[in-house]
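# Breakdown of the fold
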Amino acid sequence: MPELQLKQLYDGFRDPETINELARQIKQWASQLTEPVYMMEVCGGHTHTIMKYGLPQLLPDNIHFIHGPGCPVCIMPKERIDQAAALASIDDVILVTLGDMIRVPGSQGSLAQFRAKGCDIRPVYQPLDALKIAQENPTKTVIFFAIGFETSTPMTAVLLEQAEKLGLENLLFHINHVLVPPAIDAVMADQETKVNAFIGPSHVSVITGSKIYQPTVDKYHTPVVISGFEPVDVMQSILAIVKQKVEGRAELENQYQRAVTEQGNLVAQQKVDKFFEVRDSFRWRGLGPIPSSALKLLSEFAHRDAEIRFAARLPVKEIDDHKACQCGDILRGKANPKDCKVFGRGCTPQTPLGSCMVSSEGACNAYYRYAGVE
Amino acid sequence: MAKPTQIQLSHGGGGREMAELIGKIFFDAFDNPILRREEDAAALNLSGQTAFTTDSFTVAPLFFQGGDIGKLAIAGTVNDLAMMGAEPQYLSCGFIIEEGFEIDKLKTIVSSMAKELEKSGAHIVCGDTKVVPKGCADGLFINTTGVGRIVRPGISVRAIQPGDAVILSRDIGRHGAAILTAREGLELESELTSDCATLWPVVQQLLAANIDIHAMRDATRGGIAAVLNEWTKAANVGIDVEEKLIPVCDEVRGVCELYGFEPWDLANEGTFVIALPKQAAEAAVEIMQRHGGCDSAAIIGTVSDEHAGKVVLHSPWGSKRYLELPQGELLPRIC
Ligand code: SF4
């Protein structure tokens, strides 16, 4: 294993002087704007950065953030969580999933609640941990509840590849991988949307390349800037967007040149193509069904597909959010977490009504945790 | 017949095996006259105000960089006493051991307990051992209960006042990060060790120097975020902290980056926070800095009468936000 140079991950990207200088330049450029900028940060990771580092406090009034649908936990519809719970309830099944997913409420409760009832549900730090669990429990069926955007799909693919190579028959998959560009289309299809620029998540493009956003730029004439996750990255990207707006341009820009290329990681893309194909449609929480917006296993891997193997036991009833919950509008960029009547009252991270409050990448959670100080 | 190398159910049965286990392992390590008397209960001489506390330790893995469950079980309880301005005196110790546990490992753990006890001068004067069938416990659980003589009465969250300075004894997040890396088998470029340590010696020096301490708390689970939030609520004050003044080592920062955690949410086992009058702060920091493990002690914030019940974190670039309590289980972010 190569030595981890962890310091390189953040060093220099939180420099106060750089951040303040960028804020000054943004203000200067923004004074020339003829209309406000409503930029959507597609990914929950960016929402988190923006709130955690208090960036809105450094920006002028004509720059607004709209939080997008790019949090894999937030967009998971209840019926998929119900399916995970149903799988976990089968005798001799170990359900493995990532982090926050176990806290999201399904219609019968969250996976954490099912775990407390005795189901064997294990949150892991990375998909490959599922391999070890399957090896150590040969008499059980281990099901990986796979979630995430383009970033995490290659890791599921690697897990699958390993399982195939080792002939590990007791490792199955329930695939919920989703795609960013169709979600952007769904947001822009709404006539009322105010969004007029995008901050694109860098980690998605590390895999897919910057090219996946060119159609967005062409179709909607909006700037798209691919951005890293550090405060300096995000401030630089905002500056780039404001400059484009002032100069009347709409282009694809890559702020995160330290890792993103136009083509992306071809090896990872090949691995994904080897195992997955696009689903006809996937129902997104709050956004409804979006065509071609998610992946499923190719038919040659049907033997590993828990959705097929356990089809008879999986609930399929579509279940909408609590009536008071405005996650849908938030994910579509039409409302702000604070517009929701139950925000911080009936709905908190301890007792979430909607998944935007559960996930640490969710907009409501970020607002709750990092709300600016009045 | 060869001696068993693993704990058997019979070791908890009250018969010869149990007597041998207790005599050979526990009594040898924790030896003192009160324990040796082997009565049903220890007879203690206590005078004046006494602090009394208990804690159970269920850490996994049992061994980590910078300590093990034994060191933790002593330091944890002794620190709870020290934080009340009490000199740790007597401890009880209960073991719940899973059948099959290696006796050598138990010996290592017990000897690190004995070593840690020396640092505060406290003694284990009574104890209990239970062995449970395989699968009923995760290796070994330890409970320790302790009493200590209160040397300085009145140290309490309720004594915190607006205008007080808030001091942090050292860099944060090490225990949480060390446990996480031990669990995940992460190889870091340099060694990350837990901060696990007995705090009584440094507290003793602060008390000896007559530093006017209002409140003191070791930042264990929930990290300094939990301590500061509890303080604001209990004392009905606000606390402002400067992010750039909070020491965090590179390894902990790196682990936080990888998993999406924040250092103030991570557990510590030898790090504490003090609230005290501003005028006394520098002298306190100076005393602490002379002490091993506390050389990065620093004033990190101030108590105020604004935004009562809230901790406000000021960023190095001038923005501010509330520092909330960490939520439930710490789980890594997904994207
Ligand atoms: S505050 Fe809660 S209920 Fe309201 S939109 Fe957010 S998650 Fe849904």
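Residues numbered from 1 in each chain as written. Chains lettered and ligands numbered in written order. Predicted model: local features only at pLDDT ≥ 70, side-chain atom pairs only at ≥ 80, totals over all residues. Heavy atoms only, no water.

Below, the discussion takes up the overall build of chain A. A count of helical and extended segments in chain A gives 15 helices and 13 strands. In terms of overall size, chain A behaves like a compact globule, its C-alpha atoms giving a radius of gyration of 21 Å where 374 residues would be expected to give roughly 21 Å. Each principal axis of the C-alpha atoms in chain A carries an extent, and together these give about 65 × 45 × 40 Å. In chain A, which comprises 374 residues, the proportion classed as buried is 59%. As presented, chain A carries roughly 15,200 Å² of accessible surface, and 50% of it is formed by carbon and sulfur atoms. If the 38 positive side-chain charges of chain A are averaged to one point and the 43 negative ones to another, these points end up 5 Å apart. (Helix = DSSP H or I, 4+ residues; strand = E, 2+ residues; numbered from the N terminus. Rg over C-alpha atoms; globule rule 2.2 N^0.38 Å. Buried < 20%, exposed > 50% of the residue type's maximum accessible area, 1.4 Å probe, protein only. Areas by Shrake-Rupley, 256 points an atom, 1.4 Å probe, with all protein chains shown as cover. Lys, Arg positive; Asp, Glu negative; His and termini not counted. Charge placed at Lys NZ, Arg CZ, Asp CG, Glu CD.)

Here we take up the sheet that holds strand 6 (residues 140–150) of chain B. All names here are of chain B. An order of 1-6-4-5 is seen for the 4 strands of this open sheet, with the pairing classed as mixed. Of all strands in the sheet, those with a lone pairing partner are strand 1 (50–57) and strand 5 (123–132), marking the two edges. Strand-to-strand twist of the sheet, defined as the mean angle between neighbouring strand axes without regard to direction, takes the value 15°. Against the sheet, helix 1 (residues 16–30) makes contact with strand 4 (86–98) and strand 5, and its axis sits at roughly 145° relative to strand 5, the strand it touches most. (Pairing = 2+ DSSP bridges. Axes fitted to C-alpha atoms, helices over the stretch in contact; angles between N-to-C directions. Contact = heavy atoms within 4.5 Å.)

Here we come to the pairing of strand 8 (residues 224–227) of chain A. Residues and elements named next belong to chain A. Residues of strand 8 alternate between two faces, with Val 224 and Ile 226 on one and Val 225 and Ser 227 on the opposite face, all of them buried. As judged from the 4 bridges shared by strand 7 (residues 197–201) and strand 8, these two strands associate in the parallel manner. Residue pairing across strands places Phe 198 opposite Val 224, the latter belonging to strand 8. Handedness of the crossover joining strand 8 and strand 9 (residues 252–254) through helix 10 (residues 231–246): left-handed. (Right-handed = clockwise from strand over helix to strand, strands pointing away.)

Attention now goes to the domain arrangement of chain A. All names here are of chain A. By domain assignment, chain A separates into domain 1 (20–70 + 182–254), domain 2 (78–177 + 265–313) and domain 3 (327–370). One C-alpha centre belongs to domain 1, the other to domain 3; they are set 21 Å apart. Contacts between the two partners involve 14 residues from domain 1, matched on the other side by 12 residues from domain 3. Contact between domain 1 and domain 3 buries roughly 1,200 Å² in total, counting both sides, with carbon and sulfur atoms accounting for 61%. Among the residues of domain 1 in contact with domain 3, His 48, Met 51 and His 67 are the three that bury the most area, contributing 45% of the side total. At the surface where domain 1 touches domain 3, the tally comes to 2 salt bridges. Here Asp 190 and Lys 334 are joined by a salt bridge, their closest N and O atoms 3.2 Å apart. Remark: the boundary between domain 1 and domain 3 carries 2 residue pairs in polar contact (both at pLDDT 80 or more). (Domains from an automatic or database assignment. Buried area = accessible area lost by both parts, 1.4 Å probe. Salt bridge = Lys/Arg side-chain N within 4 Å of Asp/Glu carboxyl O. Polar contact = N/O pair within 3.5 Å; in protein donor to acceptor, adjacent residues only side chain to side chain.)

We now examine the UniProt feature "domain: PurM-like N-terminal" (unreviewed entry) in chain B. The residues that UniProt annotates with the feature "domain: PurM-like N-terminal" (unreviewed entry) are residues 39–150 of chain B. Segment residues 39–150 of chain B splits into 29% helix and 41% strand. End C-alpha atoms: 27 Å apart. (UniProt positions renumbered as here; feature names shortened; annotations may be inferred.)

The strands making up a sheet associate through backbone hydrogen bonding, with each pair oriented either parallel or antiparallel. Residues and elements named next belong to chain A. Strand order in the open sheet made by the 4 strands is 4-3-5-6, with parallel pairing throughout. The sheet is open, and its two borders are formed by strand 4 (120–124) and strand 6 (171–177), each paired with just one other strand. Across this sheet, the average inter-strand angle for adjacent strands is 20°, counted without regard to direction. When strand 3 (residues 93–98) meets strand 5 (residues 141–148), the two strands line up parallel, connected through 4 bridges. Each bridged residue has a counterpart across the sheet, and for Leu 95 the counterpart in strand 5 is Ile 143. Together, strand 5 and strand 6 form the strand contacts of helix 6 (residues 153–166), whose direction differs from that of strand 6 by roughly 165°.

Another point: the packing of helix 2 (residues 44–52) of chain A against helix 15 (residues 363–370) of chain A. Residues and elements named next belong to chain A. Where helix 2 contacts helix 15, the axes come no closer than 9 Å and their chain directions differ by 15°. The angle between helix 2 and helix 15 falls in the class roughly parallel. The hand of the helix 2/helix 15 crossing is right-handed. Mapping the contact onto sequence places Thr 47, His 48, Met 51 and Lys 52 in helix 2 and Ala 363, Ala 366, Tyr 367 and Tyr 370 in helix 15. Residues belonging to the contact of helix 2 with helix 15 are distributed by class as follows: 5 nonpolar, 2 polar and 1 charged. (Parallel < 35°, antiparallel > 145°, perpendicular 65-115°, else oblique. Left-handed = near helix turned anticlockwise from the far one by under 90°. Nonpolar A, V, L, I, M, F, W, Y, C, P; charged D, E, K, R; others polar.)

Compared with an ideal rise of 1.5 Å per residue, which puts 15 residues at 21 Å, helix 1 (residues 16–30) of chain A spans 21 Å between its outermost C-alpha atoms and is within 8% of the ideal. Structurally, helix 1 of chain A contributes buried residues whose contacts are with strand 2 (63–70) and helix 10 of chain A. (Expected span 1.5 Å × (residues − 1).)

Let's shift gears to unusual backbone geometry. All names here are of chain B. Residues Ala 60 and Pro 61 are joined by a peptide bond in cis, for which omega reads -5°. Turning to its location among the elements, Pro 61 is positioned in the loop between strand 1 and strand 2 (63–64). Located in the positive-phi region is Glu 38, a residue other than glycine, with phi close to 55°. Within the secondary structure, Glu 38 is located in the loop between helix 2 (33–36) and strand 1. Classification of Glu 38 as exposed rests on a relative accessible area of 57%. Non-glycine residue Asn 210 carries a positive phi angle of around 65°. Within the fold, Asn 210 resides in the loop between helix 6 (200–208) and strand 8 (215–218).

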